[in-house]
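Given next are the chains, with one letter for each unit.
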Amino acid sequence: MTKPTLDRIDRRILKELMRDATIPVAQLAERVNLSQTPCWKRVRKLEEAGFITGRVALVDPQSIGLGLIVFVEIEAADHTPAWREALLRTLEGFPEVVEAYRLAGDVDYLLKVAVPDMTAFDQFYNSLTAGLPCRNVTSKFAMERIKSTTAWPIDTERHVL
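Every value quoted in this text rests on a predicted model; they were computed, and no experiment measured them.

Enquirer: Would you mind showing me how to read the overall build of the chain here?
Expert: When its secondary structure is counted, the chain shows 5 helices and 4 strands. Element order for the chain, N to C, with α for helix and β for strand: α-α-α-β-α-β-β-α-β. Seen through its C-alpha atoms, the chain measures out along the principal axes to roughly 55 × 40 × 25 Å. When the 161 residues of the chain are sorted by exposure, 27% land in the buried category. Long-range pairs, those at least 24 residues apart, make up 67% of the contacts in the chain between residues at least 6 apart in sequence. About 11,000 Å² of surface is accessible on the chain, with carbon and sulfur atoms providing 53% of the total. Charge-centre separation for the chain: the mean point of 21 positive side chains lies 9 Å from the mean point of 22 negative side chains.

Right, dumping it as structure tokens:
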């Protein structure tokens, strides 16, 4: 089943909601040049079609004691479905892994890990590597967050997407 196409107004709605999902419908409708009811119906359609997958509060990690962000590069021990399943099962047990990607190139997987400090990261690292055979694991520590956004760069000018 294919997703419906997005017109310019749908993309403008998405752009506004990615900036602030708490915006009142009246204000959202005004920003996209619709009346409230049609705007609300479009938001519901976008949710039902899976374009909007959730609404969350964004929290500053440092303010909740997660002062260390680490990017962990993993080279798989092998490239079998069994190894990938083992990775997925292993990651389920680590809430500190906030993002995980399978990559093309020299590194097979990239994890974004949020922990309070180096001691917590060391515990994470030891647990990860004890439970998952890897060819290589490399950690890169974030010194400063330069840019962070949850808003995807959506084209609001095209008629259909």
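Enquirer: Sorry, what's going on with the packing of aromatic side chains here?
Expert: Aromatic rings considered in pairs are described by the distance between their centres and by the relative angle of their planes. This structure, assessed with the given rule, holds 5 aromatic pairs. When the centroid spacing of 5.6 Å and the interplanar angle of 35 degrees are considered together, the rings of W83 and Y109 count as tilted. Note that W83 is positioned in helix α4 (residues 81-92) and Y109 in strand β3 (residues 109-115), a separation of 26 residues in sequence. Assessed through its relative accessible area of 5%, W83 is described here as buried. Ring geometry for F121 versus F124: centroids 5.8 Å apart, planes at 40 degrees, classification tilted. In this pair, F121 and F124 both sit in helix α5 (residues 118-131), 3 residues apart, roughly one turn of the helix. Of the aromatic side chains, those joined through ring pairs into one cluster are F94, F121, F124, Y125 and F141.

Enquirer: Teacher, can you tell me more about the pattern of salt bridges here?
Expert: Opposite charge on two side chains allows them to pair when their charged atoms are near. If you walk through the whole model with that rule in mind, you get 8 salt bridges. For R31, the salt bridge identified is with E16, shortest N-O distance 2.8 Å. Here E16 lies in helix α1 (residues 8-19) and R31 lies in helix α2 (residues 25-31), a separation of 15 residues in the sequence. Since its relative accessible area comes to 12%, E16 is described here as buried. Put simply, D60 and R145 hold a salt bridge, and the shortest N to O gap is 3.7 Å. Taken together, the positions of D60 in the loop between α3 (36-48) and β1 (68-76) and R145 in the segment after β4 (134-141) put the pair 85 residues apart, joining distant regions of the chain. We classify R145 as exposed; its relative accessible area is 54%. Members of the salt-bridge network, linked through shared partners, are D7, D10 and R42.

Enquirer: Sorry if this is basic, but what is going on with the pairing of β1 here?
Expert: Looking along a regular strand, one sees the side chains alternate between the two faces of the sheet. Pairing between β1 and β3: 7 bridges, direction antiparallel. If you follow L68 over to β3, its bridge partner there is V115. With 7 bridges connecting them, β1 and β4 associate as antiparallel partners. Bridging from a neighbouring strand, I74 pairs with V137 of β4.

What counts, and at which threshold
- Residues numbered from 1 in each chain as written.
- Predicted model: local features only at pLDDT ≥ 70, side-chain atom pairs only at ≥ 80, totals over all residues.
- Heavy atoms only, no water.
- Helix = DSSP H or I, 4+ residues; strand = E, 2+ residues; numbered from the N terminus.
- Buried < 20%, exposed > 50% of the residue type's maximum accessible area, 1.4 Å probe, protein only.
- Contact = heavy atoms within 4.5 Å.
- Areas by Shrake-Rupley, 256 points an atom, 1.4 Å probe, with all protein chains shown as cover.
- Lys, Arg positive; Asp, Glu negative; His and termini not counted.
- Charge placed at Lys NZ, Arg CZ, Asp CG, Glu CD.
- Phe/Tyr/Trp six-rings, centres within 6.5 Å; stacked < 30°, edge-to-face > 60°.
- Salt bridge = Lys/Arg side-chain N within 4 Å of Asp/Glu carboxyl O.
- Pairing = 2+ DSSP bridges.

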